[in-house]
Every structure is written in structure tokens, then in C-alpha cells.
Amino acid sequence: MKVIPNIDAKRVPAHVAIIMDGNGRWASLMGKPRIFGHKNGVQSVRESLEAAVQAGVKCLTLYAFSTENWSRPAGEVNALMTLLVSTIRSEVDKLDEKGVQLKAIGDISKLPSKTHKALVEAIDRTKDNTKIQLVLALNYSGRWDISQASRKLSQYISENHLNPDQIEESMFSQFLSTAAFPELELLIRTSGEQRLSNFLLWESAYAELFFTDKFWPEFRKEDFFEAIMDFQKRERRFGKTGEQLKAVVR
Ligand code: FPP
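About the thresholds
Residues numbered from 1 in each chain as written. Predicted model: local features only at pLDDT ≥ 70, side-chain atom pairs only at ≥ 80, totals over all residues. Heavy atoms only, no water. Pairing = 2+ DSSP bridges. Helix = DSSP H or I, 4+ residues; strand = E, 2+ residues; numbered from the N terminus. Axes fitted to C-alpha atoms, helices over the stretch in contact; angles between N-to-C directions. Contact = heavy atoms within 4.5 Å. Core = buried A, V, L, I, M, F, W, Y, C linked by side-chain atoms within 4.5 Å. Buried < 20%, exposed > 50% of the residue type's maximum accessible area, 1.4 Å probe, protein only. Near = heavy atom within 4 Å. Polar contact = N/O pair within 3.5 Å; in protein donor to acceptor, adjacent residues only side chain to side chain. Areas by Shrake-Rupley, 256 points an atom, 1.4 Å probe, with all protein chains shown as cover. Expected span 1.5 Å × (residues − 1). Parallel < 35°, antiparallel > 145°, perpendicular 65-115°, else oblique. Left-handed = near helix turned anticlockwise from the far one by under 90°. Nonpolar A, V, L, I, M, F, W, Y, C, P; charged D, E, K, R; others polar.

Draft legend 1. Focus on the sheet that holds strand β6 (residues 208–211). Reading across from one edge, β3-β4-β2-β1-β5-β6 is the order of the six strands in this open sheet, with parallel pairing throughout. Pairing within the sheet leaves two strands with one partner each, and these edge strands are β3 (100–105) and β6. Sheet twist, expressed as the average angle between the axes of neighbouring strands with direction ignored, equals 20°. Running at roughly 140° to β3, helix α4 (residues 113–125) makes contact with β3 and β4 (132–140) of the sheet.

Draft legend 2. Spatial organisation of the nonpolar core. V57, L60, L134, I188 and F224 are the most contacted members of the largest nonpolar core, which has 43 residues in total. In terms of residue count, helix α3 (residues 74–97) provides more of this core than any other element does, eight residues in total. Membership of the second largest hydrophobic core comes to 14 residues, among which are I19, A137, F181 and A207.

Draft legend 3. Looking closely at the site of the ligand. Taken together, 17 residues surround the ligand, and among them M20, D21, R25, R34 and R72 come closest. Here D21 contributes a side-chain N or O atom positioned 3.0 Å from an oxygen atom of the ligand. Taking R72, its side chain carries an N or O atom lying 2.7 Å from an oxygen atom of the ligand. Here the ligand has 630 Å² of accessible area as a free molecule, and 91% of this is covered by the chains.

Draft legend 4. Highlighting helix α5 (residues 142–158). Compared with the 24 Å implied by 1.5 Å per residue over 17 residues, the 24 Å span of α5 between its first and last C-alpha is a close match. Buried residues of α5: G142, D145, Q148, A149, L153 and I157, and no others. Positive phi shows up at N160, right after α5, with a value of about 65°.

Draft legend 5. Broad picture of the packing of helix α2 (residues 34–55) against helix α7 (residues 221–233). Packing of α2 against α7 leaves a shortest axis separation of 8 Å and a crossing angle of 45°. Judged by the angle between their axes, α2 and α7 are oblique. The crossing of α2 and α7 is right-handed. Together, E47, S48, E50, A51, A52, Q54 and A55 of α2 and K221, F224, F225 and I228 of α7 make up the contact between the two elements. Looking at the contact of α2 with α7 residue by residue, the classes come out as six nonpolar, two polar and three charged.

Draft legend 6. Molecular detail of the environment of P13. As for its position among the elements, P13 is in the segment before β1 (15–19). As a C-alpha pair, P13 and A52 span 39 residues in sequence and 9.7 Å in three-dimensional space. Setting aside its immediate chain neighbours within four residues, P13 contacts V57, E185, L186, I228 and F231.

Draft legend 7. Fine view of unusual backbone geometry. One non-glycine residue, N198, lies in the positive phi region at around 65°. With respect to the secondary-structure elements, N198 resides in the loop between β5 (186–189) and β6. If you check the backbone angles, L200 has positive phi at about 40° while not being a glycine. As for its position among the elements, L200 is in the loop between β5 and β6. Classification of L200 as buried rests on a relative accessible area of 0%.

Next up, the structure:
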């Protein structure tokens, strides 16, 4: 079945994540301050979410602010935090109407109180929605998540709930902040850079990677669909041979 031309509705990735990169460079090219790029990036967030809903993606995770982003000039950090508050407040009605469940990963307790409040309120307001999960990674990094999961697991062991030799991959995943989301299948990065930058390190083990030269503020619905079409052209082997996979299909 094809809801969108050239996209096979039966093979849509359940979980797509995006490293939204290139806001600053795009703004510089326009002769504008970096925050102009971030502001224009909000439209790309809207379009990606719409495209994800249309394609049938169940979970969309966006790298909105990394643990490393605190080292940016204070003016840019403040402007980004203010933009997050105004965007969450202005979009929450629409998100709720469309059945979007907002979630966050990362240590959000360290966000400025206004940002934290707006986020928690929107998460609470949309908690019963089931169309799609929109996950904002805020004060997040993959290594932070693996560290905090290790701390929780150690605690669990010290309370005698578990023996260290019983630790398995699937069990470890349960302590990550992404435990409740579907397996990550597609990771998109804009702006021509080709690295993970400490994003979803554990989760990207078997994800397909899609890189585009477009800067984030230029990213549109068609670009999201293109990434899904590209994903559908790939053979996902999970360590098996192509022949083994064909034998399973037959
Ligand atoms: C990376 O571009 C972008 C960010 C660190 C922030 C992304 C934030 C938004 C798009 C704002 C709104 C988001 C939501 C979810 C409401 P960069 O600044 O690193 O660009 P550069 O590599 O060109 O410097």
C-alpha cells in the first residue's frame, strides 16, 4: 500500500531521529545572526513532524540541545532556551489536536526553570495522545545516557535485585532514557557533516544513516520523504548474509 507516492507503507521505519545541524552556517550565509537560523529551523521541525505523521512513523526524536551545547556563547544558549519556550507554548495546541505525544530525553532538571516548566506542562498535556511520539533530546548526550543507565543498573544490583553475570543487552536498554520508544531504524543528519556527535550511541547500533548537504532550516517534507525512500532501498542484514535474508523471505 502506498499512501505517499514511492513510499511503501509496510516498511516505514518506526523510529526516526534527526541531528538538526547547520542553523548557524545557514544564517551566516544570509548575513544574519545564528539565532535567525535556529528560528527558521522551527519550520523544518514542523514539516518533519508532519511528514513523519503522514508516512506512519511512530516516533520522531530530535537533537535539540546537547550536553556540549552549554559551551556556546551565553547569548546563543539563552536565545535557544527562550525559543524552545515560545515554540513549545505556541505549538502545544496544534500538537495536541494532531495526536502528538511530546516526550523528552536528557537531564531536563538542569534546563532553565521557564524552559523546564513549559516542557513539563506540554508533556503532561499531550500524555494520552497516541498518533506519534515526538521526543526532544534536551541536555542529552549518548554517553550521558549510558552513564546514567549504568548508575541505575549498579543501584539495582546493589539492592540484590540482580546478579552482575545476569546483565544482558536487552536488560541494559531498559535503563536508558529511550527504553519506552521503538527501536531506532533511521538516523538523519543535515548540513553535510557525517558523524553521530554523541547522539543515540547505543540506539544507533543497527540504524540506517542518511546524510544530506541541506542545512537544517532548508530541510522540508520532501527531504524527509526522500530519507525514508532511501531507507526502503537498503538491505538491512543485522549481521546476516544477503542469502540468509532471502531464504527467510522465501
Ligand atoms: C544545530 O545547528 C542546531 C541546534 C543546536 C539547535 C536546534 C534547535 C532548533 C531547530 C530550535 C527549535 C527546536 C525545537 C525542537 C522546537 P548549529 O547551530 O550547530 O549550526 P552550525 O553547525 O551551522 O553552527
